[in-house]
Amino acid sequence: MQVIKTIDKLRPIVKAWKKEGLRVGLVPTMGYLHEGHKSLIVRAVSENDKVVVSDFVNPTQFGAGEDLASYPRDIDRDAAICEQAGADLIFHPEPEEMYFTDNCTFVDMDGLTKGLCGKTRPTHFRGVCTVVSKLFHIVAPDRAYFGQKDAQQLAVIRRMARDLNFDIEIVGCPIVREADGLAMSSRNTYLNDAERKAALILHKSLMLGKEMIEQGEHDASQIKKAIISNIESEPLAKVDYVEIVNPDTMENIDTVEDLALIATAVYIGKTRLIDNVM
Ligand code: PAF
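Residues numbered from 1 in each chain as written. Predicted model: local features only at pLDDT ≥ 70, side-chain atom pairs only at ≥ 80, totals over all residues. Heavy atoms only, no water.

Colleague: Would you mind going over the overall build of the protein with me for this structure?
Modeller: A count of helices and strands for the protein gives 10 helices and 9 strands. For 278 residues, the compact-globule formula gives about 19 Å, and the C-alpha radius of gyration of the protein, at 19 Å, lands near that figure. Structurally, the protein occupies a C-alpha span of about 55 × 40 × 40 Å along its principal axes. In the protein, buried positions account for 50% of the 278 residues. Nonlocal contacts in the protein, meaning residues at least 24 apart in sequence, comprise 73% of its contacts between residues at least 6 apart. In the protein, which carries 33 positive and 42 negative side-chain charges, the distance between the mean positions of the two groups comes to 2 Å. (Helix = DSSP H or I, 4+ residues; strand = E, 2+ residues; numbered from the N terminus. Rg over C-alpha atoms; globule rule 2.2 N^0.38 Å. Buried < 20%, exposed > 50% of the residue type's maximum accessible area, 1.4 Å probe, protein only. Contact = heavy atoms within 4.5 Å. Lys, Arg positive; Asp, Glu negative; His and termini not counted. Charge placed at Lys NZ, Arg CZ, Asp CG, Glu CD.)

Following this line, the structure appears as structure tokens:
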């Protein structure tokens, strides 16, 4: 498995695969891979002839004061995981390879990006849409794989692919959890022991909401109230948002009648974690 750092080296490799009629899968990541990423790679390997994993901490999706500098990075560890999962190539560019110093073109979106994570991270999805469309142009995959943990990101990318006519199948993959329920995330590495225990409140509270719905509660405001009060019972947790939304449009739902996404972002100490349940 090769680690390729430049667009000029990557393009002819993918073009040669395409010439042979091979199907190419792309797994975009910011590296520091965990079992969640591995499940995306394994799925991509099972559905395509060749798989590219991009490993790039994308500066444009971090806001001022966020964790761009401290975001964990370890390309050797990532390469070992990719190799084990059966990937063919890692695309690992430097920021200067992806963005010209005078870059002034971005991909932005209205609507879906304004609520949930977009409220506290107003430029985040512009950065995500920009880098993902660049990766789509550079790799030109047949399919691209994204985790359901970032449910808003998945909905945004599906919409972007539709609106901008990318001929790429967007594949959403289930959340992978630790044995105790914590959703896998590269940011879990920021948590100390006490915070790691406290972080379980996200999944527990989402399950409480799901149970309420299963037991017949349809009023979204009652469900949100119960989830928020459960999260707030954990002293190390501070709610950023709890929302119940349509999973395709990210619009708020008042009465839960059909498929609904309960999504939350919670600060555990200084670390902001997200999780959701359908
Ligand atoms: O989900 C991520 O890791 C990132 O947002 C993505 C899709 C790789 C874009 O940088």
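Colleague: I'm lost on the site of the ligand in this one. Help?
Modeller: Neighbouring the ligand are the residues Pro 28, Thr 29, Met 30, Asn 58, Gln 61, Val 128, Val 131, Phe 146 and Gln 153. The contact in question runs from an oxygen atom of the ligand to an N or O atom on the side chain of Gln 61, over 2.6 Å. With respect to the ligand, the side chain of Gln 153 contributes an N or O atom lying 2.7 Å from an oxygen atom. Coverage of the ligand by the protein chains reaches 88% of its 290 Å² of free accessible surface. Residue assignment for the shell around the ligand shows that the elements contributing at least two residues are strand E2 (24-29) and helix H6 (124-139). Within the shell around the ligand, the residues separate by chemical class into 5 nonpolar, 4 polar and no charged. (Near = heavy atom within 4 Å. Polar contact = N/O pair within 3.5 Å; in protein donor to acceptor, adjacent residues only side chain to side chain. Areas by Shrake-Rupley, 256 points an atom, 1.4 Å probe, with all protein chains shown as cover. Nonpolar A, V, L, I, M, F, W, Y, C, P; charged D, E, K, R; others polar.)

Colleague: Please clarify how the sheet that holds strand E5 (residues 143-147) should be interpreted in this entry.
Modeller: Consider a sheet: its strands pair through backbone hydrogen bonds, and that pairing is either parallel or antiparallel. Pairing within the open sheet is parallel, and its 6 strands lie in the order E1-E4-E3-E2-E5-E6. Across the chains shown, the open sheet's two edge strands, defined by having one partner strand only, are strand E1 (2-4) and strand E6 (169-173). The mean angle between the axes of side-by-side strands here comes to 25 degrees, regardless of whether they run parallel or antiparallel. Bridge count for E5 against E6 is 5 bridges, and the pairing is parallel. (Pairing = 2+ DSSP bridges. Axes fitted to C-alpha atoms, helices over the stretch in contact; angles between N-to-C directions.)

Colleague: Help me understand the nonpolar core, please; the structure alone is not making it clear to me.
Modeller: Membership of the largest hydrophobic core comes to 45 residues, with the highest contact counts inside it found for Phe 136 and Ile 170. Counting residues per element, this core draws most heavily on H6, which supplies 9 residues. Sequence-distant contacts of Phe 136, that is, excluding residues within four places in its chain, are made with Leu 26, Pro 141, Ala 144, Phe 146, Ile 157, Met 160, Phe 166, Ile 168 and Ile 170. Leu 191, Leu 206, Ile 244 and Val 277 belong to the second largest nonpolar core, which has 24 residues in total. (Core = buried A, V, L, I, M, F, W, Y, C linked by side-chain atoms within 4.5 Å.)

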